[in-house]
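Descriptive structure summary
Residues per chain are reported as follows:
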Amino acid sequence: MRVFSVLLFGLLVLMQAKLWAGKNGVNDYRQVQDEIAIQSSVNSELRKRNDEMFAEIDDLRQGLDAIEERARHELGMVKEGETFYRIIDSD
């Protein structure tokens, strides 16, 4: 009976070692969970950027107001008869 108990204890120790340090063990599981968390945050940022781009595309498709606003802001264009004023800070 004593040999059987020692054998069972040795088997338990071997299984615990594989669980904690072996391939696909607890350490690998934690590393994969960390990688999943990082990738999820990257995905959420990309999803947010895509949503903003789709909203901008919808605005550009709906009418000329968005196109005019974009031309004024990004290209510095003005309409005929308008006067453009640039205010520069003292900094």
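Scroll up to find the structure this text is about.
Summarised in this report is the structure supplied together with it. Since this is a predicted model, take the numbers as computed values, not measurements. (Residues numbered from 1 in each chain as written. Predicted model: local features only at pLDDT ≥ 70, side-chain atom pairs only at ≥ 80, totals over all residues. Heavy atoms only, no water.)

A few points about the packing of helix α2 (residues 26-62) against helix α3 (residues 64-75)
- Their axes nearest at 5 Å, the elements α2 and α3 cross at an angle of 110 degrees. In this view, α2 runs roughly perpendicular relative to α3, as classed from their interaxial angle. Contacts between α2 and α3 involve Glu56, Asp59 and Leu60 from the former and Ala66, Ile67 and Arg70 from the latter.
- A breakdown of the residues in the contact of α2 with α3 according to their chemical character gives three nonpolar, no polar and three charged. (Axes fitted to C-alpha atoms, helices over the stretch in contact; angles between N-to-C directions. Helix = DSSP H or I, 4+ residues; strand = E, 2+ residues; numbered from the N terminus. Parallel < 35°, antiparallel > 145°, perpendicular 65-115°, else oblique. Contact = heavy atoms within 4.5 Å. Nonpolar A, V, L, I, M, F, W, Y, C, P; charged D, E, K, R; others polar.)

Side note on α3
- Between its first and last C-alpha atoms α3 spans 15 Å; for twelve residues at 1.5 Å apiece the expected length is 16 Å, and the two agree.
- Of all the twelve residues making up α3, one are buried; the element is thus mostly uncovered.
- Two residues or fewer past α3, Gly76 is found with a positive phi of approximately 70 degrees. (Expected span 1.5 Å × (residues − 1). Buried < 20%, exposed > 50% of the residue type's maximum accessible area, 1.4 Å probe, protein only.)

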